[in-house]
Each structure stands twice: as structure tokens, then as C-alpha cells.
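Structural characterization, general
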Amino acid sequence: MVEVQPNVEPPVCKILDYGKYKYEAQKRKNEARKKQKIIDIKEIKLRPNIDHHDFNVKMKSVKKFIDNGDKVKVTLRFRGREMAHHELGSTVLDRVKENTSDMCKVEVLPKLEGRQMVMILAPK
């Protein structure tokens, strides 16, 4: 017996098949799980002195990931003396931002974490 309207005097009750109730609740939960979209984070690794053709190849893969609905983590790694020239890395990430501005937005702005700069792009 389940109380349907507890605030009404006298309380309204109903006899319920508990097994059927649990089964229907499980079905609703499974349907909700089917409808949700799991977003993956794909990573693209770049270097500060990347060539134009290599950059375009990386941009094609970024666009493919964005079209699939995934987020993209763009990692720019510095090695050796490149650590003294962070402005080169920020210009590369600005180029990434410009090339992908029509299809995605910058979720996390470029920031320096140790030897690498990281930026996260999300689909619009």
C-alpha cells in the first residue's frame, strides 16, 4: 500500500505491485541512459616551430574530432631552448583558435603548465 496524496485528509492510498514498479523505474533509467551523449576529450600535440603543412594536417584532425562532437585538448610542448620563447607557442595556439573559430569555441584559454601550453576547444 502506497500513500498517493499525503497532504489530504483522509490520506489517499493505493495498492501497488512493487515488482512492477521497480521494473518500470529500471526501464525509465535505461531509456535516459540511451539518450545521453558521452563527450570524449581528444588530444592534439603541437610544437612551437610547426610547419604549415603539418599544421594543416593537425587542423583537419581537429575539425574531424569537433564534427564528431568531441572536445579537443590542444597541447603545445616546449623542449630545451624553446622554453625561453613562449610567444612562439602562443602564436601557434592563436592560429589554432582562428582556424577553428567557425565551428568551436575556446572552453579553456591557453595556459602554461610546466613545459607545455594547453587549450581546450568545445563544439558550438
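Let us look at the structure shown here. (Residues numbered from 1 in each chain as written. Predicted model: local features only at pLDDT ≥ 70, side-chain atom pairs only at ≥ 80, totals over all residues. Heavy atoms only, no water.)

**Description of the side chain of Gln-116**
In this structure, Gln-116 sits in strand β6 (residues 116-123). Side chain to side chain, Gln-116 and Arg-77 meet in a polar contact 2.8 Å long. For Gln-116, the residues in contact, after removing those within four places along its chain, are Thr-75, Leu-76, Arg-77, Phe-78 and Lys-111. (Helix = DSSP H or I, 4+ residues; strand = E, 2+ residues; numbered from the N terminus. Polar contact = N/O pair within 3.5 Å; in protein donor to acceptor, adjacent residues only side chain to side chain. Contact = heavy atoms within 4.5 Å.)

**Details of the nonpolar core**
If you look at the biggest cluster of nonpolar residues, it comprises 19 residues, and the most contacted ones within it are Leu-46, Val-62, Val-72, Val-74, Leu-76, Val-96 and Leu-121. For this core, the secondary structure elements donating two or more residues are β3 (41-46), α2 (52-67), β4 (71-77), α3 (86-99) and β6. Broken down by element, the residue count for this core peaks at 5 residues, all from α2. Setting aside residues no more than four positions away along its own chain, Leu-121 makes contact with Val-62, Ile-66, Lys-71, Val-72, Val-74, Val-96, Thr-100, Cys-104, Lys-105, Val-106 and Glu-107. (Core = buried A, V, L, I, M, F, W, Y, C linked by side-chain atoms within 4.5 Å. Buried < 20%, exposed > 50% of the residue type's maximum accessible area, 1.4 Å probe, protein only.)

**So, the packing of aromatic side chains**
Centre-to-centre distance and the angle between the planes together describe a pair of aromatic rings. Across all of its chains, the model carries 1 aromatic pair by this definition. A cation sits over an aromatic face here: Arg-95 above Phe-55, 3.9 Å from the ring centre. (Phe/Tyr/Trp six-rings, centres within 6.5 Å; stacked < 30°, edge-to-face > 60°. Lys NZ or Arg CZ within 6 Å of the ring centre and 35° of its normal.)

**Section: the packing of α2 against α3**
Relative to each other, α2 and α3 sit at 45°, their axes nearing to 11 Å. Relative to α3, α2 is oriented oblique. Between α2 and α3 lies a crossing whose hand is right-handed. Contacts between α2 and α3 involve His-52, Phe-55, Met-59 and Lys-63 from the first element and Val-92, Arg-95, Val-96 and Asn-99 from the second. (Axes fitted to C-alpha atoms, helices over the stretch in contact; angles between N-to-C directions. Parallel < 35°, antiparallel > 145°, perpendicular 65-115°, else oblique. Left-handed = near helix turned anticlockwise from the far one by under 90°.)

**A few points about the sheet that holds β3**
One open sheet holds the 4 strands; their spatial order is β3-β4-β6-β5, and the pairing between them is mixed. The strands lining the two open edges of the sheet, one partner per strand, are β3 and β5 (104-113). Neighbour-to-neighbour, the strand axes of this sheet turn through a mean angle of 20°, independent of strand direction. Here β5 pairs with β6 via 7 bridges, running antiparallel. Bridge assignment links Lys-111 to a residue of β6, and that residue is Val-118. The strands touched by α2 within the sheet are β3, β4, β5 and β6, with β3 carrying the most contacts at an inclination of about 170°. Where α3 meets the sheet, it contacts β3, β4, β5 and β6, and its direction lies at approximately 10° from that of β6. (Pairing = 2+ DSSP bridges.)

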